[in-house]
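As a plain string of letters, each chain reads:
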Amino acid sequence: MCRHIEAVLQSTNGKIQGKDGAAAQLNIHPNTLRSRMNKLGLPFGRKAIRTNSS
């Protein structure tokens, strides 16, 4: 599950919501995706920006 979410996020350039976001591709609500990412320890939002730039 973790690898699949990471692959979809990479294909959407990290975009979670919107018609061209990862949640739409996974056919789940954006908040559900964020919750699963949090549970799996995948960074998103400002956390992802900080970890990628460091």
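Everything below is about the structure shown above.
Residues numbered from 1 in each chain as written. Predicted model: local features only at pLDDT ≥ 70, side-chain atom pairs only at ≥ 80, totals over all residues. Heavy atoms only, no water.

1. Things to note about the side chain of T12
Here is step 1: Position of T12 relative to the elements: it lies in the loop between α1 (2–11) and α2 (22–26).
Here is step 2: There is a polar contact of 3.1 Å between the side chain of T12 and the backbone oxygen of K15. (Helix = DSSP H or I, 4+ residues; strand = E, 2+ residues; numbered from the N terminus. Polar contact = N/O pair within 3.5 Å; in protein donor to acceptor, adjacent residues only side chain to side chain.)

2. Side note on the nonpolar core
Here is step 1: I5, V8, L9, I16, A22, A23, L33, M37, L42 and F44 together form the largest nonpolar core, which totals 10 residues.
Here is step 2: Where this core is concerned, the elements lending two or more residues are α1, α2 and α3 (30–40).
Here is step 3: If you tally residues by element for this core, the top one is α1, at three residues.
Here is step 4: Here L9 is in contact with G14, K15, I16, A22 and M37, once residues within four sequence places are set aside. (Core = buried A, V, L, I, M, F, W, Y, C linked by side-chain atoms within 4.5 Å. Buried < 20%, exposed > 50% of the residue type's maximum accessible area, 1.4 Å probe, protein only. Contact = heavy atoms within 4.5 Å.)

3. A short note on unusual backbone geometry
Here is step 1: For N13, which is not glycine, the phi dihedral falls at a positive 55 degrees.
Here is step 2: For N13, the location among the structural elements is in the loop between α1 and α2.
Here is step 3: On the accessibility criterion, N13 (75% relative accessible area) is exposed.
Here is step 4: With phi around 60 degrees, N27 is a residue other than glycine that occupies positive phi space.

4. Brief notes about α1
Here is step 1: Residues of α1 that are buried: I5, V8 and L9. Seen end-on, α1 carries its buried residues on one side only, within an arc spanning 100 degrees. Residues of α1 that are exposed and point more than 90 degrees away from the buried face comprise R3, Q10 and S11.
Here is step 2: Along its buried surface, α1 packs onto α2 and α3.
Here is step 3: N13 sits one or two residues past α1 and shows a positive phi near 55 degrees. (Arc of directions from axis to C-beta.)

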